[in-house]
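Below, each chain spelled out in residue letters.
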Amino acid sequence: MVAKKEAAKTTKKATTKSTASKSKSVTTKKPVSRPAAKSKKAAPVQSFRLSRETEKFISSRITRQTVYWLILALAILAMGLLVLKAQLDILQTLNEISEGLY
């Protein structure tokens, strides 16, 4: 009997909390419409929404991204040259071995 009364009390409390939370979420204020003021601040970029371009698509300015791509290109070129040199050394060694066999 006591357990049923306690269970009934807890369910009543839960229902009052849920109705209170529903009433709070229902009473939301509508935004006040104001005339749009032009500001010089750039609008924050939001995903999947159109935003204004901050700079031209084709620009000749050197940026951080330009420096990163330049470093990456130089690293790839250096690795390619090292591999090419290693291949040429191996071919030269193989030629010397084949000449020594005859």
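Participant: Tell me about the overall build of the protein, and please be specific about residues and values.
Facilitator: Each helix and strand counted, the protein has two helices and zero strands in total. For the protein, the computed accessible surface area is about 11300 Å², with 65% contributed by carbon and sulfur atoms.

Participant: Kindly report on the pattern of salt bridges, identifying the contributing residues and their values.
Facilitator: The full count for this structure, using the stated rule, is one salt bridge. The salt bridge partner of D89 is K85, with a shortest N-O separation of 3.1 Å. With D89 and K85 both in helix α2 (residues 64–101) and four residues apart, this pair spans about one turn of that helix. A relative accessible area of 34% places D89 in the partly exposed class.

Reading guide: rules and limits
Residues numbered from 1 in each chain as written. Predicted model: local features only at pLDDT ≥ 70, side-chain atom pairs only at ≥ 80, totals over all residues. Heavy atoms only, no water. Helix = DSSP H or I, 4+ residues; strand = E, 2+ residues; numbered from the N terminus. Areas by Shrake-Rupley, 256 points an atom, 1.4 Å probe, with all protein chains shown as cover. Salt bridge = Lys/Arg side-chain N within 4 Å of Asp/Glu carboxyl O. Buried < 20%, exposed > 50% of the residue type's maximum accessible area, 1.4 Å probe, protein only.

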